[in-house]
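The residues making up each chain are set out below.
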Amino acid sequence: MERLEGNMAVSPKTTTVSTKLLAVAERAKQWPHTPLRNVAHVIDPELLRASFDRLDGQAARGIDGLSKADYGQEIDRKIADLHARLRPDKDGTSRYRHQPILRVHIPKAPGKTRPIGISSVEDKVVQRAVSDVLTTLYEPVFLPCSYGFRPGRGAHDAIRDLQQELHTGRYAWVLEADIQSFFDTVDRERLVEMLRQRVNEESFLRLVGKCLRAGVLDGAEYSEPDVGTAQGSILSPLLGNVYLHHVLDVWFEADVKPRLSGAAHLVRYADDFVILFADESDAQRVFEVLPKRMGKFGLQLHPDKTRLVPMARPPRRQDGGKGPGTFDFLGFTIGWCRSLQGHWRVMVHTRTARLSRAVTAIGELCRRQRHAPLKTQHAALCQRLRGHYAYFGVSGNNRALGVVREHVTQLWLKWLNRRSERKHLNWQGYKRILAAFPIPKPRVSVDLWGGSARPSSGGAGWWKSPSPHGSRWGIAHFRPPGLGPASGPVDHGFFRHLVTGGPGGPSLPSGFASRRGD
């Protein structure tokens, strides 16, 4: 059979997008440590159209000023034209050019902002398609310690894993780390070399390079940075995972853990990570060498936010209800506390800074909408609160949820009273409003104590299997619901999610888009 060369052309054989992704997935699973060719052909008009359909219609507009609805006019013609420009010419280059990224700054903390890049609709379509292909290639490679922006995994899974590992009592120290401006400092040349270890196809790598090297328009200033990936881009989270997979995950599992005297456990969500240690000397050694490891790849740890925290299980007869220390991760504060029954448990609470930020954001919403009809105000408040409950509604966090609801109740009354200088709404009148428009009550929707970080065989989720190449950590796989035992050759349901837009990745609350804990 004649060998097929990688290109963007449509295969003469009529196949579906799912079939093409499944074929690539089969090879990716069969050869998890081998660079693969012939993957660019998956980016065909069908995948591009599916990528467009999965875009958020309410997302901010890029530099071209077009919304998804605007770009959707004559979408078949535009997809065909885009695919033609993506196909490489005889010299191996394509006519596709990534438009500059529009940079905006969103509030992060008092006096601080987070830069977010907004791409045009067409570039988002390309990024989504490239992300689907890379996800297919890297899911058999990523290690179980990585939870961020991966299908079937999310922030709650990372928190549950941490809580369950700490509750075993094996670990006495926690290394809490923070990478400064991670997405802005990624070394692009090193990143491309890392991608070459998995993809051996120049046309596809050039396409990734075009997405990486796009210019940035920040107000009236245009620049072409030579480092970093645009935070907010569809492709950036996956590229960040690839970078830290090599910089941190594989290094820790293959080089660090075998040299430690006690147990250790890494949990990473995108660029946020913590490491658990059983032995204090191990924690001190890694604490000293970690900045050097990060510096080798152009990254820098925040000196004030990177620290060692004592986290040993308190003695059963210890007086008081608090443990030796606490640390922050993904918007939560984690530490030992006594339960209502008097037992020591690893408790997870909303971080104070995040709680204050949520209350401030809802207060600002009440201020902006104070002149709107009550029905409109109530709908907006309910959306924000339910989004907050969905993310922070974890086992043992009821009190923090109640605090938010109490503040919202007071803030709504405050801004309703400021709609007019003449009329004043007393508490009795406000109670009648609340009877007609009740504020949602707190609800714990995520069970951290009864669930499992890695589901057992038979259920949906992730499991760890031995590597066919004899590696220490094995390979992580995803099994969708209803697929049967874990011995199947390919996880068909997951790869259909890539095309149909099924569930996957982190579920963040509406109106609280920041995924970090700082």
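See the structure above.
Notes on the structure in this doc start here.

Rules used in this analysis
Residues numbered from 1 in each chain as written. Predicted model: local features only at pLDDT ≥ 70, side-chain atom pairs only at ≥ 80, totals over all residues. Heavy atoms only, no water. Helix = DSSP H or I, 4+ residues; strand = E, 2+ residues; numbered from the N terminus. Buried < 20%, exposed > 50% of the residue type's maximum accessible area, 1.4 Å probe, protein only. Contact = heavy atoms within 4.5 Å. Pairing = 2+ DSSP bridges. Axes fitted to C-alpha atoms, helices over the stretch in contact; angles between N-to-C directions. Salt bridge = Lys/Arg side-chain N within 4 Å of Asp/Glu carboxyl O. Parallel < 35°, antiparallel > 145°, perpendicular 65-115°, else oblique. Left-handed = near helix turned anticlockwise from the far one by under 90°. Nonpolar A, V, L, I, M, F, W, Y, C, P; charged D, E, K, R; others polar. Polar contact = N/O pair within 3.5 Å; in protein donor to acceptor, adjacent residues only side chain to side chain.

1. Re the environment of Phe287
Considering the arrangement of structural elements, one finds Phe287 in helix 11 (residues 280-296). Take Phe287: its relative accessible area is 28%, and that puts it in the partly exposed class. For the pair Phe287 and Leu175, spaced 112 residues apart in the sequence, the C-alpha separation amounts to 7.1 Å. Among residues more than four places away in sequence, those in contact with Phe287 are Leu175, Thr306, Arg307 and Leu308.

2. What about the sheet that holds strand 9 (residues 322-329)?
Strand order in the open sheet made by the 3 strands is 9-10-11, with antiparallel pairing throughout. In this open sheet, the two strands that pair with only one neighbour each are strand 9 and strand 11 (344-350). The average angle at which neighbouring strand axes cross in this sheet is 25°, direction not considered. The sheet strands contacting helix 6 (residues 155-167) are strand 9, strand 10 (332-338) and strand 11, and the helix crosses strand 11 at an angle near 155°.

3. Description of unusual backbone geometry
Only a minority of non-glycine residues have a phi that is not negative, and only a minority of peptide bonds are not trans. Non-glycine residue Asn38 carries a positive phi angle of around 60°. Since its relative accessible area comes to 18%, Asn38 is described here as buried.

4. Let's talk about the pattern of salt bridges
Throughout the structure, instances matching the rule amount to 20 salt bridges. Between Arg170 and Glu165 there is a salt bridge, with the nearest N and O atoms lying 2.9 Å from each other. Assessed through its relative accessible area of 46%, Arg170 is described here as partly exposed. When its relative accessible area of 15% is taken as the criterion, Glu165 is described as buried. One salt bridge in this structure joins Arg196 and Glu193, with 3.5 Å as the shortest N-O distance. Here Glu193 and Arg196 lie together in helix 8 (residues 188-196), a separation of 3 residues that amounts to about one turn. By relative accessible area, which is 47% here, Glu193 ends up partly exposed.

5. Looking at the sheet that holds strand 8 (residues 307-310)
In spatial order, the strands read 6-7-3-8; together these 4 strands make up an open sheet with antiparallel pairing. In the strand order of this sheet, the two ends are held by strand 6 (264-269) and strand 8, each with one partner. Between one strand axis and the next, the sheet turns by 20° as a mean value, whatever way the strands run. In this structure, strand 6 lies alongside strand 7 (residues 272-277), joined through 6 bridges in antiparallel fashion.

6. Some details on the pairing of strand 3 (residues 173-178)
Taken across its 6 residues, strand 3 has 6 buried, putting it largely inside the fold. Of the two faces of strand 3, the one lined by Trp173, Leu175 and Ala177 and the one lined by Val174, Glu176 and Asp178 are each fully buried. Pairing analysis gives 6 bridges linking strand 3 to strand 7, with the strands arranged antiparallel. Paired with Leu175 across the two strands is Ile275, which belongs to strand 7. As judged from the 4 bridges shared by strand 3 and strand 8, these two strands associate in the antiparallel manner. From the neighbouring strand, Leu175 faces strand 8, where its bridge partner is Leu308.

7. Focus: the environment of Leu301
Inspection of the secondary structure assignment puts Leu301 in the loop between helix 11 and strand 8. Taking C-alpha positions, Leu301 is 8.5 Å from Leu290, a pair spaced 11 residues apart along the chain. If sequence neighbours within four positions are ignored, Leu301 has contacts with Ala177, Asp178, Ile179, Gln180, Leu290, Pro291, Met294 and Thr306.

8. Remarks on the packing of helix 10 (residues 236-256) against helix 11
Look at helix 10 against helix 11: their axes get within 11 Å of each other, and the N-to-C directions meet at 135°. Comparing their axes, helix 11 and helix 10 come out oblique. Remark: the crossing between helix 10 and helix 11 carries right-handed chirality. Within the contact between the two elements, helix 10 uses His246, Val247, Leu248, Trp251 and Val256 and helix 11 uses Val286, Val289, Leu290, Arg293 and Met294. Per-class residue counts for the contact of helix 10 with helix 11 are 8 nonpolar, 1 polar and 1 charged.

9. What to know about the side chain of Gln163
One can find Gln163 in helix 6. A polar side-chain atom of Gln163 sits 2.6 Å from the main-chain carbonyl oxygen of Val346. The contacts of Gln163, once residues within four sequence positions are left out, are Val346, Val348, Leu448 and Trp449.

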